[in-house]
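Understanding the architecture of this molecule
The lines below spell out each chain.
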Amino acid sequence: MTEVLLGLGSNLGDRLATLQRAVDLLASHGVCAVASSRVWSTAALGGPSDQPEFLNAVIRVDPGELGADEVLSVIGAVEAELGRVRDERWGPRTVDIDILLWGDLVRDDARLTIPHPRLHERAFVVMPLLDLDPDPVLPDGRRLLELPVPRGEARPVGPPLAVP
Ligand code: AMP
C-alpha cells in the first residue's frame, strides 16, 4: 500500500475533539486512517504572539481508489465542515489538514505540492511523523533524520487519535 500521510492541526476551540472529528469525517468520505501519531502540543510559528498553542497529529491513511486530487477535495470538505466555528475576527482556522507524503510521488503544480514543502522544517510535523515512522526517507532519498533540526518546539500531550 502506498504510504499516505496527512498532517492535522488545530488551535481554536476544543482542539482535541476537532482533531478526532477530522479523522472521523475523513473516514466518512472514504479517506480512512489506519494509524495515528500521538497528539502533540506546539507553539504557533509566526502570526500574533498570543495565539493559542496548536495540537497536531499525523495520520497514515488508506486512500483506497482515491488519487491525491480527490483526497485534497475531501480535505477541503472536512475543513469546511469543521471550520464553521470561527472567532469573530476570522482568526486562525479550527483545523488545517495537509497532505505530507504520498509514497514516492513528487508533484508541484498550482493545486498540490507533494511532499509538503515545509514538511522537514517544522517540529509540529516532524515530531508526530516520527511516531509513525522512526526513519522517514523522502522521495528524493534524503533521510529526515539527517536534515537540519526542525524549527519550533513540540511536546507529546496525548495518546494517538482513535482510528476507525
Ligand atoms: P492551507 O489551507 O494554507 O494549507 O492551503 C490550502 C491550499 O494549499 C489548498 O487549496 C491546496 O491547493 C494547496 N496545497 C498545496 N500543496 C498542498 C498539500 N501538500 N496539502 C494540502 N494542500 C496543499
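Above this text is the structure in question.
Right, let's walk through the structure included here.

Basis of the calculations
Residue positions are given per chain, counting from 1 as you read along its sequence in written order. Local features in this predicted model are restricted to residues of pLDDT 70 or higher, and side-chain atom pairs are both shown and tallied only at a pLDDT of 80 or more, whereas totals for entire chains, interfaces and linings draw on every residue. The side-chain numbers reported here are obtained from all heavy atoms of the structure, hydrogens and water having been left aside. Salt bridge criterion: a side-chain nitrogen from Lys or Arg within 4 Å of a carboxyl oxygen from Asp or Glu. Numbering of helices and strands runs from the N terminus, with a helix taken as a DSSP run of H or I at least four residues long and a strand as a DSSP run of E at least two residues long. Classification of residues uses two cut-offs on accessible area relative to the type maximum, computed with a 1.4 Å probe and protein chains only: under 20% is buried, over 50% is exposed, and between them is partly exposed. Throughout, a residue-residue contact means that at least one pair of heavy atoms, one from each residue, lies within 4.5 Å.

**Examining the pattern of salt bridges**
- Tallied over the entire structure, the rule returns nine salt bridges.
- Here Arg 60 ties to Glu 3 by a salt bridge, and the two come within 2.6 Å at their closest N and O atoms. Separated by 57 residues along the polypeptide, Arg 60 in strand S4 (residues 54–62) and Glu 3 in the segment before strand S1 (4–10) bring together distant segments of the chain.
- Accessibility expressed as a relative area gives 26% for Glu 3, which makes it partly exposed.
- One salt-bridge network, in which partners are shared between bridges, spans Asp 69, Arg 107, Asp 109 and Arg 111.

**Details of helix H3 (residues 123–132)**
- Within H3, the full set of buried residues consists of Ala 123, Val 125, Val 126, Pro 128, Leu 129 and Leu 132.
- Looking at the buried positions of H3, the neighbouring elements they touch are S1, strand S2 (32–36), strand S3 (39–42), S4, strand S5 (96–102) and strand S8 (154–158).

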